[in-house]
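# Notes for the structure review
For reference, the chains in residue letters:
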Amino acid sequence: MNQHNTVTFRAAAATDLSAAANLGFAVALDVDGRLVLAGVNGRDCIGILVELPRAAGGPCGVATMGTVRARAGGAIDEGDYVTSEAGGGLVIADEADDLLGKCVQRGAVADGNMFDLLLSISGGSTAPQP
């Protein structure tokens, strides 16, 4: 699945995010308003890196909502609600995490693989309990 009905913007990176391995990671803004990889529990996450910069510190494309390709930071299954881990990978959220969205990829997703994410940053809501 490609990006669908996404809202995106561009911002400069604070560090070198040009490596292909960064594509699909959660990102946040530093104190200077530049992009950095998001930290643990989705705190301060503003979106998913969907376009790499051409050079270190260059502008990047960030999706803030919609269906996007994201990178797993651990095993994830279809229907799991996700948050970010240190370094921007997405992992299964628990009730204390800020939610970034829901995995809509069919089947299981292994650590490091790309998956389809319905991106909907909650900014403090907790994962639904079964």
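Residues numbered from 1 in each chain as written. Predicted model: local features only at pLDDT ≥ 70, side-chain atom pairs only at ≥ 80, totals over all residues. Heavy atoms only, no water.

### A few points about the pairing of strand S7 (residues 81-84)
Taken residue by residue, a regular strand's side chains alternate between the two faces of the sheet. Of the strand pairs in this sheet, S7 and strand S9 (residues 101-103) are connected by two bridges, and their pairing is antiparallel. Looking at the pairing, Val82 lines up with Gly101 of S9. In this structure, S7 lies alongside strand S8 (residues 90-92), joined through three bridges in antiparallel fashion. The residue bridging Thr83 from the neighbouring strand is Val91, located in S8. Connecting S7 to the antiparallel partner S8 that follows it, the hairpin turn spans five residues, and Gly87 within it adopts a positive phi of roughly 100°. (Pairing = 2+ DSSP bridges. Helix = DSSP H or I, 4+ residues; strand = E, 2+ residues; numbered from the N terminus.)

### Structural notes on the pattern of salt bridges
Between side chains of opposite charge, pairing is possible as soon as their charged atoms come close. In total, this model carries five salt bridges according to the counting rule given. With a closest N to O distance of 2.7 Å, Glu51 and Arg10 form a salt bridge. Note that Glu51 is positioned in strand S4 (residues 45-51) and Arg10 in strand S1 (residues 4-12), a separation of 41 residues in sequence. What you see here is one network of salt bridges that share partners, running through Asp30, Asp32 and Arg34. (Salt bridge = Lys/Arg side-chain N within 4 Å of Asp/Glu carboxyl O.)

### Some points on the pairing of strand S11 (residues 114-120)
Summarising the sheet, strand S5 (residues 59-71) and S11 pair through seven bridges and their orientation is antiparallel. Paired with Arg69 across the two strands is Asp116, which belongs to S11. Note that S9 and S11 share three bridges and pair antiparallel. The residue bridging Gly101 from the neighbouring strand is Leu119, located in S11.

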